[in-house]
Amino acid sequence: LNGRKLGQLHTMEQHLVHVLPVPPGTLRDGENTLTITPPAGVDDVIVGEIKLDMRPVNEALGLATIDVHVTDADSSAGVPCRITIVDKLGALAPIYASPEQQLAVRPGVAYTRDGRATLGVQPGEYTVYATRGFEYGIDRQELSIEEGQSRQVGMKIRREVPTPGLVSCDTHIH
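Residues numbered from 1 in each chain as written. Predicted model: local features only at pLDDT ≥ 70, side-chain atom pairs only at ≥ 80, totals over all residues. Heavy atoms only, no water.

A.B. asks: Before we move on, can you summarise a nonpolar patch on the surface with the specific residues and values?
C.D. replies: On the surface, L9, L20, L34, I36, V45, V47 and I50 cluster together to form a nonpolar patch covering roughly 530 Å² of accessible area. Relative to the helices and strands, V47 resides in the segment before α1 (57-60). When its relative accessible area of 42% is taken as the criterion, V47 is described as partly exposed. (Patch = residues over 30% accessible without salt bridge, like charges linked within 9 Å, V, L, I, M, F, W, Y side chains within 5 Å. Areas by Shrake-Rupley, 256 points an atom, 1.4 Å probe, with all protein chains shown as cover. Salt bridge = Lys/Arg side-chain N within 4 Å of Asp/Glu carboxyl O. Helix = DSSP H or I, 4+ residues; strand = E, 2+ residues; numbered from the N terminus. Buried < 20%, exposed > 50% of the residue type's maximum accessible area, 1.4 Å probe, protein only.)

A.B. asks: Talk me through the pattern of salt bridges; I want residue IDs and the actual numbers.
C.D. replies: Tallied over the entire structure, the rule returns four salt bridges. Across the salt bridge formed by D53 and R55, the nearest N and O atoms sit 2.6 Å from each other. Residue class for R55 comes out partly exposed when judged on its relative accessible area of 35%. With a closest N to O distance of 2.9 Å, R159 and E135 form a salt bridge. With a gap of 24 residues between them, R159 in the segment after β8 (150-157) and E135 in the loop between β6 (124-131) and β7 (139-145) connect regions that are remote in the sequence.

A.B. asks: Explain the sheet that holds β8 residue by residue, including any values.
C.D. replies: Spatial ordering of the open sheet is given by β5-β1-β8, a layout of three strands whose pairing is mixed. On the outer flanks of this sheet lie β5 (116-121) and β8, each paired with one strand and no other. Averaged over all adjacent pairs, the angle separating strand axes in this sheet is 20°, with direction ignored. With six bridges joining them, strand β1 (residues 64-72) and β5 adopt antiparallel strand pairing. Counted as the bridge partner of V68 is A117 from β5. (Pairing = 2+ DSSP bridges. Axes fitted to C-alpha atoms, helices over the stretch in contact; angles between N-to-C directions.)

A.B. asks: Residues and numbers for the pairing of strand β2 (residues 81-87), please.
C.D. replies: Counting buried residues in β2 gives six out of seven residues, a clear majority hidden from the surface. Of the pairings in the sheet, the one linking β2 to strand β4 (residues 109-112) comprises four bridges and is antiparallel in character. Looking at the pairing, I83 lines up with A110 of β4. Examined bridge by bridge, β2 and β6 share six bridges and lie antiparallel to one another. Note on β6: the bridge partner recorded for D87 is Y126.

A.B. asks: Now, about the sheet that holds β4: what can you tell me, with residues and values included?
C.D. replies: The five strands lie next to each other as β3-β4-β2-β6-β7, forming an open sheet whose pairing is antiparallel. The open sheet has two edge strands with one neighbour each: β3 (104-106) and β7. Going from strand to strand, the sheet's axes swing by 15° on average, the running direction of each strand aside.

A.B. asks: Run through the nonpolar core, naming residues and quoting values.
C.D. replies: Among the nonpolar cores identified, the biggest contains 25 residues, and I66, V68, V70, I83, I85, L119 and Y126 are the most heavily contacted of them. Elements represented by at least two residues in this core include exactly β1, β2, β5, β6, β7 and β8. In terms of residue count, the dominant contributor to this core is β1 (four residues). If sequence neighbours within four positions are ignored, V70 has contacts with A77, G78, V79, C81, I83, D114, G115, A130, M155 and I157. (Core = buried A, V, L, I, M, F, W, Y, C linked by side-chain atoms within 4.5 Å. Contact = heavy atoms within 4.5 Å.)

Here it is in structure tokens:
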């Protein structure tokens, strides 16, 4: 923006809404220029609607809160898992997680070690998914959330592919 690098777009084909903070002093009075360039060797970049929100990211994405608790369907214990949130169009939604939660977070996805995550979102309609790799099933819930609301989302997943004596991993985590 105006010759200053704001960040990097995610190189993925899934539709997502991406948030980049704009440092103070980057915007000028009058005309501003936003330049989006692909990485070397790539010539495809798809960009949709662009919005400018003057609030810090944690405030802009903290207008509503989804408090997710994922448990094992058999033991009711919290489980390490991946929580995915998509908007009503199926795009990965921008989410905010406070650093003290110790979650791994990327657009629309939070990885939690105990099945708990409190995620800030913008008001809207969402589908929340929970899973734990190919051994486990998936749970999903649809919800609508308004500004100032906090929604509790309880989800249950179950091991469906028994693998005793084998090592398991989610082979797409980088």
